[in-house]
Amino acid sequence: MPELPEVETVRRTVSAALLGCRAEGVGVATVKMRLPLDGERWRRLVPGRRLEALDRRGKYLLARFEDTGAVVHLGMSGRLLVAAPGQPVLPHTHLVVHFEGGRELWFVDPRRFGFAVVMPVEGLKAFPPLPELGPDPLTGDVEGALAAAACRQRAPVRSILLDQRVLAGIGNIYACEALFRAGIRPQRSVAELGARRRARLAVAVREVLQDALAAGGTTLADGGFSASDGQAGYFAVQLAVYGREGAPCRRCSRPVRRQALGGRSAYYCPSCQR
DNA sequence: ACTCGCCTGTCG
DNA sequence: CGACAGGCGAGT
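What you see is a predicted model, and the numbers here were worked out from it, not measured in a lab. (Residues numbered from 1 in each chain as written. Chains lettered and ligands numbered in written order. Predicted model: local features only at pLDDT ≥ 70, side-chain atom pairs only at ≥ 80, totals over all residues. Heavy atoms only, no water.)

## Examining the sheet that holds strand β2 (residues 51-57)
- Taken together, four strands build an open sheet; the order of strands is β2-β3-β4-β8 and the sheet is antiparallel. On the outer flanks of this sheet lie β2 and β8 (115-120), each paired with one strand and no other. With strand direction ignored, the average angle separating the axes of adjacent strands in the sheet is 20°.
- When β2 meets strand β3 (residues 60-65), the two strands line up antiparallel, connected through six bridges. Bridged to Leu-51 within β3 is Phe-65.
- Sitting on the sheet, helix α1 (residues 4-18) is in contact with β2 and β3, with an inclination near 170° to β2. (Pairing = 2+ DSSP bridges. Helix = DSSP H or I, 4+ residues; strand = E, 2+ residues; numbered from the N terminus. Axes fitted to C-alpha atoms, helices over the stretch in contact; angles between N-to-C directions. Contact = heavy atoms within 4.5 Å.)

Here it is, written out as structure tokens:
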């Protein structure tokens, strides 16, 4: 589910609701996650501390509870929801942080590809793979990152965009959408693009992420994503190719094609994208 | 540079 | 029932 615009939307809504609030207790339903959800550590390191900061690196959320740090990744189906006291928890709620005043922060993740880990705050920056992540496409040098990748990479450009060490935060939806906006086929290699089309792609990446963020992210038909206040994102209506196999291209009306690339579906318009 | 596995859920 | 799903990392 969550790529940069969705994670940033979550960061903003959780921050608005809980920044400065003191955690009073933690509830953990122990299940096997991608990384173990260690209830004992959460109960030892978080209660009694105020949530002082909630930052984002790519798709990772970094929380600071005074001298305690936490890293949350939402995987494919993870959500962070702010709930009123006593609200019945959703299925697959693995972690509940109780804040002063009664509000709760839920970590819900049906598929359990996400994780939520705590550590002393000094350990946050070094937590793998955070040090390896590339620049943030909203604030960093997208053009430079793509140019650097062009020197050494012969992989399809879609794979380059998904590589979090090149740029941090792009997933399959926005990789496909950025390539459509740039008029580039997903299977092209960055090396063969040339500086001009590379620059066009850099612009497209930034624009599609900004547009999606402005819309509050993409909530697909299954409703699997929402901001932490439950608000759906409405970028889905603007998707040009993602999930639209066989549907008419919004620009030229010819059918959108889907092709497996590196094990994941690439959606593109064979006529608008070369 | 691809394939698979990790999980649950939904859709055809 | 199989195919597929916003991610990622360990294997080839």
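## Overview of the sheet that holds strand β5 (residues 79-83)
- Read across the sheet, four strands follow the order β1-β6-β7-β5 without closing on themselves; strand pairing throughout is antiparallel. Edge positions in the open sheet fall to β1 (23-28) and β5, since each of these has one partner strand only. Neighbour-to-neighbour, the strand axes of this sheet turn through a mean angle of 20°, independent of strand direction.
- By the bridge criterion, five bridges tie β1 to strand β6 (residues 93-99) in an arrangement that is antiparallel.

## Section: the pairing of strand β9 (residues 257-261)
- In this structure, β9 lies alongside strand β10 (residues 264-268), joined through five bridges in antiparallel fashion. When the bridges of β10 are listed, Arg-257 appears paired with Tyr-268.
- Count of turn residues in the β9/β10 antiparallel hairpin: two residues, of which Gly-262 carries a positive phi of about 60°.

## Some words on the domain arrangement of chain A
- Taken domain by domain, chain A comprises domain 1 (4-132) and domain 2 (142-268).
- The gap between the C-alpha centroids of domain 1 and domain 2 is 28 Å.
- Opposite the 17 residues of domain 1 that make contact, domain 2 presents 20 residues.
- Counting across the interface, domain 1 meets domain 2 through zero salt bridges.
- Summed over the shared surface of domain 1 and domain 2, the result is eight residue pairs in polar contact (both at pLDDT 80 or more).
- Secondary structure elements with two or more residues in the side of domain 1 that touches domain 2: α1 and β5.
- Per-element accounting of the side of domain 1 that touches domain 2 gives the leading share, nine residues, to α1.
- Residues belonging to the side of domain 1 that touches domain 2 are distributed by class as follows: seven nonpolar, three polar and seven charged. (Domains from an automatic or database assignment. Salt bridge = Lys/Arg side-chain N within 4 Å of Asp/Glu carboxyl O. Polar contact = N/O pair within 3.5 Å; in protein donor to acceptor, adjacent residues only side chain to side chain. Nonpolar A, V, L, I, M, F, W, Y, C, P; charged D, E, K, R; others polar.)

## A look at the pattern of salt bridges
- What the rule picks out here adds up to twelve salt bridges.
- The closest approach of N and O atoms between Glu-40 and Arg-44, which form a salt bridge, is 2.9 Å. One end of the pair is Glu-40 and the other is Arg-44, both in helix α2 (residues 39-45) and four residues apart, which spans about a single turn.
- Notably, a salt bridge pairs Arg-188 with Glu-192, separated by 3.3 Å at the nearest N-O pair.
- Accessibility expressed as a relative area gives 28% for Arg-188, which makes it partly exposed.
- Classification of Glu-192 as partly exposed rests on a relative accessible area of 49%.
- By sharing partners, the salt bridges in this structure join Glu-8, Arg-11, Arg-12, Arg-56 and Asp-136 into a single network. (Buried < 20%, exposed > 50% of the residue type's maximum accessible area, 1.4 Å probe, protein only.)

## What about the packing of α1 against helix α6 (residues 195-214)?
- Closest axis-to-axis distance for the α1/α6 pair is 9 Å, and the angle between their directions is 40°. In this view, α1 runs oblique relative to α6, as classed from their interaxial angle. Between α1 and α6 lies a crossing of right-handed hand. Contacts from Leu-4, Pro-5, Glu-8, Thr-9 and Arg-12 in α1 reach Leu-209, Ala-212 and Leu-213 in α6. (Parallel < 35°, antiparallel > 145°, perpendicular 65-115°, else oblique. Left-handed = near helix turned anticlockwise from the far one by under 90°.)

## So, the protein's contact with DNA strand B
- Within the structure, DNA strand B sits among Lys-32, His-92, Pro-110, Arg-111, Arg-112, Phe-113, Arg-154, Ala-155, Pro-156, Gly-262 and Gly-263.
- Restricting attention to atoms of DNA strand B within 4 Å of the protein, one finds that 57% of them are sugar or phosphate atoms.
- At a separation of 3.4 Å, a sugar or linking oxygen of DNA strand B approaches a polar backbone atom of Pro-110.
- A distance of 3.0 Å separates a base oxygen of DNA strand B from a polar atom in the side chain of Arg-111.
- When grouped by side-chain class, the residues that make up the surface near DNA strand B number four nonpolar, three polar and four charged. (Near = heavy atom within 4 Å.)

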